[in-house]
Amino acid sequence: MIFSPKLQSLLKTIESVCVLTGAGISAESGVATFRGTDGLWSKLKPEELADFHAFLKNPDIVWEWYNQRRQIIQEVKPNPAHVALAQLETLVNDFTLATQNIDNLHFRAGSKNVLELHGNIERSYCVDCGKFVADVVVTPEKKIPHCERCGGVIRPDVVWFGELLPEGVFEKATEAAQRCELFLAVGTSAVVYPAAGLPLAAREHGAYIVEINLERTEISHMVNETILGKAGEILPELISFMEHKRRRTV
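Here is what the cut-offs are and how they apply
Residues take numbers from 1 onward in each chain, read along the sequence in its written order. Only residues with pLDDT of 70 or above have their local features reported here, since the model is predicted, and side-chain atom pairs are shown and tallied only from 80 upward, although totals for entire chains, interfaces and linings are computed over all residues. Hydrogens and water molecules were not included; the side-chain quantities draw on all heavy atoms of the structure. A pair is scored as a salt bridge if a Lys or Arg side-chain nitrogen falls within 4 Å of a carboxyl oxygen belonging to Asp or Glu. Secondary structure follows DSSP: runs of H or I at least 4 residues long count as helices, runs of E at least 2 residues long count as strands, and numbering of each begins at the N terminus. Only protein chains enter the calculation, and the probe is 1.4 Å; a residue is then buried if its accessible area is under 20% of its type maximum, exposed if over 50%, and partly exposed in between. Whenever two N or O atoms come within 3.5 Å, that pair is a polar contact, provided that in protein one can donate a hydrogen and the other can accept it, and provided that, for residues adjacent in sequence, both atoms are side-chain atoms.

Our next topic: the pattern of salt bridges. Under the definition given, this model contains 5 salt bridges. One salt bridge in this structure joins Arg246 and Glu15, with 3.5 Å as the shortest N-O distance. Here Glu15 lies in the loop between helix 1 (5-13) and strand 1 (16-21) and Arg246 lies in helix 10 (residues 231-249), a separation of 231 residues in the sequence. A relative accessible area of 13% places Arg246 in the buried class. The partner of Asp157 in a salt bridge is Arg123, with the nearest N and O atoms 2.9 Å apart. In this pair, Asp157 is assigned in strand 6 (residues 154-158) and Arg123 in strand 4 (residues 119-126), connecting sequence segments 34 residues apart. A residue is classified by how much of its surface remains accessible, and Asp157, at 13% relative accessible area, is buried. Each of Glu116, Arg123 and Asp157 takes part in a single network of salt bridges with overlapping partners.

As a further point, take helix 6 (residues 80-89). The buried fraction of helix 6 amounts to 7 of the 10 residues, a majority that puts the element mostly inside the structure. Between a side-chain oxygen at the N-terminus of helix 6 and the backbone nitrogen of Ala81 the separation is 2.7 Å; the capping residue is Asn79.

Pasting the structure below:
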C-alpha cells in the first residue's frame, strides 16, 4: 500500500487523531450493514424496528429482532481494522474514536476512548425509571423484559429514528474533530447526520481528511484523500508505517 506523500509526512509526526467509523468496518467481521444491498434494512422495515412508538406497540417483535442481532454480534470477533485502531490510540497523545456502530467491537478490540454515537446493543435500560441493565434474557416464554425496580419495559440502549444522541457524546466528538491534525473516516456512508458532519468540522479547522472505504461516498469530493479497499487491510499497513517511521526518528 502506497500512501500519498502528504499522508506519509503526517503519519511521522501527528499527535492528534480523530476517527469516525461506520458499518463498513464491522461488515468485515461479518456484521451485516443496514444500507447495503444485503443490509438488514432491505429485509425489514426500519420503522418496525428502530422507532420508539413502534417498540411500545410491538415490543416483542422488536426484542426478538434485537436479541437475534445481539447473538450474531456476540459470535463475531473484532477484525484487523478494529485492532489497528486500538494500536493507533497508543501511538498518539490525543486520540478519539467516534463510532456509529452499536456492536461493541471497538471496545472488545482494546480501544479505550470510544464515543458511541448511536448507543450499544449490549446495554439496555428501563423506559420508565432509566435504570441501565447489562444482561437481558429474552426467551419464547418471556419475550418482553421488565425492570426489576419499577416494572417498566426495558429497551435496547440504541438510538432510534427521531431520537437525540446520548447527551454530551456528539459534543465531545465535535471537539475532537475540531482539534485533530488527522481525521479518518472509515467504513461510513457519510449520509447519517449529525455524525456525517464530523468530517466537515475537522476540515473547517484545518485537519487532513482521509476516507477509507470500499467505494466512494457522499464526502469523497471534500476529503483530502480517498483510499479504496478493505479497512482490515489498509489500517494495519497504516499503523505499520507509523510504527516503522517513528522508530527511525527516535
